[in-house]
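Chains, contacts and geometry: an overview
Listed here are the chains, written in short residue letters.
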Amino acid sequence: MRRVAALVVLAALAAIPGTAQAAGQPPWRAAGELRDALFDAQTELIVGTPATAQRAVARARAAYAGRLRAGVRAADRSADRAAQA
């Protein structure tokens, strides 16, 4: 659960304009996809199956890659490492 919270915080931080410089989709869109995937994973843990929750977490990890991760890494490398843990 701490991982989920850390990823949500990182998504919010990375959405700050001017923090991301790598190619890919806009950070705000990636942050939205990450948030949605984490919500889906949390829902699946309650009413679904572990396998579907794991697929949602994989979607969240994919959403974190690219500009979103680049922005977080540029702003705070320790936060990026925590999100990848």
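The notes below deal with the structure included here. Bear in mind that the values here come from a model prediction, so they are computed numbers and not experimental data. (Residues numbered from 1 in each chain as written. Predicted model: local features only at pLDDT ≥ 70, side-chain atom pairs only at ≥ 80, totals over all residues. Heavy atoms only, no water.)

1. A look at helix H5 (residues 77-84)
Where we set the bar: Burial classes: relative accessible area under 20% of the type maximum marks a residue as buried, over 50% as exposed, and values in between as partly exposed (1.4 Å probe, protein chains only). Put simply, DSSP marks the helices as runs of H or I at least four residues long and the strands as runs of E at least two long, and each gets a number from the N terminus on. For this quantity, the arc is that covered by the directions from the helix axis to the C-beta atoms.
All of the buried residues in H5 are Ala79, Asp80 and Ala83. For H5, the arc enclosing every buried residue in end-on projection is 100°, short of the 170-degree limit, so these residues lie on one face. Turned more than 90 degrees off the buried face of H5, the exposed positions are Arg77 and Arg81.

2. Some details on the pattern of salt bridges
For side chains of opposite charge, pairing can occur when their charged atoms come near one another. Definition in use: Salt bridge, as used here: a side-chain nitrogen of Lys or Arg that lies within 4 Å of a carboxyl oxygen of Asp or Glu.
Enumeration over the complete set of coordinates arrives at three salt bridges. Salt-bridge contacts for Asp36 lead to Arg35; the nearest nitrogen and oxygen are separated by 3.6 Å. Residues Asp80 and Arg69 are paired through a salt bridge, measuring 2.9 Å at the closest nitrogen-oxygen approach. Placement of the pair is Asp80 in helix H5 and Arg69 in helix H4 (residues 67-75), with a sequence separation of eleven residues. The class for Asp80 is buried, based on a relative accessible area of 5%.

3. Regarding the nonpolar core
Where we set the bar: Put simply, a nonpolar core is a bunch of buried Ala, Val, Leu, Ile, Met, Phe, Trp, Tyr and Cys residues held in one set by side-chain atoms that sit within 4.5 Å of each other. When checking whether two residues touch, look at their non-hydrogen atoms; a contact exists if any pair is within 4.5 Å.
By size, the foremost hydrophobic cluster in this structure holds twelve residues: Ala30, Ala31, Leu34, Ala37, Leu38, Ala60, Ala63, Tyr64, Leu68, Val72, Ala79 and Ala83. Of all the secondary structure elements, the ones that give two or more residues to this core are helix H2 (27-47), helix H3 (50-64), H4 and H5. For this core, the leading source of residues is H2, giving five residues. Among residues more than four places away in sequence, those in contact with Ala30 are Gln25, Ala63 and Leu68.

4. Thoughts on the packing of H2 against H3
Keep this limit in mind: Axis angles are defined between N-to-C directions and span 0 to 180 degrees, where every axis is a line fitted to C-alpha atoms and, for a helix, only to the segment in contact. Small angles under 35 degrees read as roughly parallel and large ones over 145 as roughly antiparallel, with 65 to 115 read as roughly perpendicular and the rest as oblique. When the near helix sits turned anticlockwise from the far one by under a right angle, the crossing is termed left-handed; a clockwise turn instead gives a right-handed crossing. Only Asp, Glu, Lys and Arg are considered charged in this grouping, and only Ala, Val, Leu, Ile, Met, Phe, Trp, Tyr, Cys and Pro are considered nonpolar; every other residue, Gly among them, is considered polar.
Running from N to C, H2 and H3 cross one another at 165°; their axes reach a closest spacing of 8 Å. Here H2 lies roughly antiparallel to H3, going by the angle between them. Every pair of crossing elements has a handedness; the one defined by H2 and H3 is left-handed. Across the interface between the two elements, Ala30, Glu33, Leu34, Asp36, Ala37, Leu38, Asp40, Ala41, Glu44 and Leu45 of H2 pack against Thr52, Ala53, Ala56, Val57, Arg59, Ala60, Ala63 and Tyr64 of H3. For the contact of H2 with H3, the class distribution of residues is twelve nonpolar, one polar and five charged.

5. Section: the side chain of Asp80
Here is the rule: Any pair of N or O atoms that falls within 3.5 Å is considered a polar contact. Within protein, one atom must be able to donate a hydrogen and the other to accept it, and sequence-neighbouring residues count only if both atoms are side-chain atoms.
A polar side-chain atom of Asp80 sits 2.7 Å from a polar atom in the side chain of Tyr64. Excluding residues that lie within four positions of it along the chain, Asp80 makes contacts with Tyr64, Arg69, Val72 and Arg73.

6. Section: the environment of Ala65
When you line up the elements, Ala65 lands in the loop between H3 and H4. With 31 residues separating them along the chain, Ala65 and Leu34 place their C-alpha atoms 9.8 Å apart.

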